[in-house]
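Notes for the structure review
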Amino acid sequence: MRTTAVVAFAFLFLLATACSGASSEMVQSAPPVTSKPSAAALKVEQVTAGLEHGWDVGFLPDGKILVTQRPGKLALVDGGTKRDVAADFSDVHVRGEGGLMGMVISRDFATSREFITCQTHKEGDTAVDIRLVTWRLSDDGASATKVKDLLTGLPVNPSGRHSGCRPAFGADGALLVGTGDTARPRHPQDRTSLGGKVLRVDAKTGNALPDNPFIKSANPNEQRVFTYGHRNVQGVTVRPGTGQVFTAEHGPTIDDEVNLETAGANYGWDPSKGGTETSYDESVPMTDKQRFPDAVSPLWTTGEITEAICGAEFLTGSRWGALEGSLAVTALKGQKLLLFRLDDAGKVTEVTLPPEFDDKFGRLRAVRSAPDGALYITTSEGQDDKLLKVTPGA
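Procedures and definitions
- Residues numbered from 1 in each chain as written.
- Predicted model: local features only at pLDDT ≥ 70, side-chain atom pairs only at ≥ 80, totals over all residues.
- Heavy atoms only, no water.
- Salt bridge = Lys/Arg side-chain N within 4 Å of Asp/Glu carboxyl O.
- Helix = DSSP H or I, 4+ residues; strand = E, 2+ residues; numbered from the N terminus.
- Buried < 20%, exposed > 50% of the residue type's maximum accessible area, 1.4 Å probe, protein only.
- Core = buried A, V, L, I, M, F, W, Y, C linked by side-chain atoms within 4.5 Å.
- Contact = heavy atoms within 4.5 Å.
- Pairing = 2+ DSSP bridges.
- Phe/Tyr/Trp six-rings, centres within 6.5 Å; stacked < 30°, edge-to-face > 60°.
- Axes fitted to C-alpha atoms, helices over the stretch in contact; angles between N-to-C directions.

In the nomenclature of an unreviewed UniProt entry, the protein corresponds to Glucose dehydrogenase from the organism Amycolatopsis lurida NRRL 2430.

Overall, the coordinates contain 20 salt bridges when judged by the stated rule. Residues Arg200 and Asp211 are paired through a salt bridge, measuring 2.7 Å at the closest nitrogen-oxygen approach. Residue Arg200 is found in strand β13 (residues 197-201), and its partner Asp211 is found in the loop between β13 and α3 (220-223); the two are separated by eleven residues along the sequence. Residue class for Arg200 comes out buried when judged on its relative accessible area of 8%. One salt bridge connects Lys336 with Glu307, and the closest N-O pair in it is separated by 3.2 Å.

Below, the discussion takes up the nonpolar core. Counting 23 residues, the largest nonpolar core has Ile116, Leu132, Leu151, Cys165, Leu175 and Val177 as the members making the most contacts within it. Going through the elements one at a time, β7 (100-105), β8 (114-123), β9 (126-137), β10 (144-154), β12 (175-178), β13 and β14 (225-228) are the ones with two or more residues in this core. What Cys165 contacts, discounting residues up to four positions off in sequence, is Trp55, Met101, Gly102, Cys118, Ile130, Leu132, Leu154, Val177 and Gly178. The next biggest cluster of nonpolar side chains, apart from the first, holds 17 residues, and it includes Phe246, Ala248, Trp300 and Leu338.

Bringing the pairing of β10 into the picture now. For β9 and β10, the ladder comprises seven bridges, and the chain directions are antiparallel. In the strand pairing of β10, Val133 is matched with Asp149. Two successive antiparallel strands, β9 and β10, enclose a turn made up of six residues, where Gly141 displays a positive phi of approximately 75°.

What follows covers the packing of aromatic side chains. Scanning all chains against the criterion turns up seven aromatic pairs. On the basis of an interplanar angle of 70° and a centroid distance of 6.1 Å, the ring pair of Phe214 and Tyr228 is categorised as edge-to-face. Of the two residues, Phe214 sits in the loop between β13 and α3 while Tyr228 sits in strand β14, which places them 14 residues apart along the sequence. When its relative accessible area of 14% is taken as the criterion, Phe214 is described as buried.

As summarised here, the arrangement of the four strands in space is β2-β25-β24-β23, forming an open sheet in which the pairing is antiparallel. Looking at strand neighbours, the two that pair on one side only are β2 (42-51) and β23 (364-369), the edges of this open sheet. Along the sheet, successive strands turn relative to each other by an average axial angle of 20°, direction set aside. Relative to strand β24 (residues 375-379), β23 runs antiparallel, the two being bridged by four bridges. What sits directly across from Ser369, in β24, is Leu375.

Right under this line is the structure:
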């Protein structure tokens, strides 16, 4: 295990590269960031184990927790007890990064018992698409039945590469969905494709909302687009009290990004090089300011390395003290938790690294805030994965 000094040095190096090592083509000026190990202690408790690539977490009104698992499994956690939920996931295409992925609990769950998942879909042995599916949980929590396909037609790669797919509710009740470009060069800049986007749809119908930025388009897919020019959005969260939408996104071999989403904006990923390249050319900048001068620059990047940042969530409630309002972002490859302090405009002012997580739990994927403000995080090692509960330390 690393010593505190080594952790501090490694993180200072990471943030130095993030602020000064990024390509000048990508970021015109680096955000002011002060890097340091987190001074606030955290308490980390294991809630349960025995998961397999726990992908997302949802909190039920009775205190129980649903957990999606990428191989097409659903678990219900009650206290420290985990049990499998019977559901027909036989049509889920489980390969690579694809499978049963993100989830949100419907806002009317208390009466409808419904929740929504992102999942890759197959017919026979053929991958067809990625889709949002509405499910209903039985009264006893033992099983779930499919209600309907909420939204179909998100592109899929048979290998599962860059499948996305993270849903979250906006402050206004809109369903926001971060999607991957499925490693297809034209998808990010093609607004008629649902890949490489943040979508904004009605949670009951899957249709575009009337105030979406491209609602006047004749194409129903483009009507659903909130932002575009993304590579592989893994985290979507809304800042409490503001409506600001933040995302965490995988870069290629450099430049994972934290972004503040602006309706209708282009985030500059274009491996097709303006449609001139038919291969998936990952040598282009994550945010190509030369090709797209108006592309939105990231709030923060990992610079010349990748951490495979994943879930994103805000710390809420006075119990967090000085950490209240911080943006928590998990890392798969980096095996750490990053805490971002933001100003009112959403700019990053400080990033800290809680030593309680650095390389101690393996790959970290989901991060969700419970109704009581506790943070829940899943590990994603592929066997005997954990659900962790994080609260302020003593």
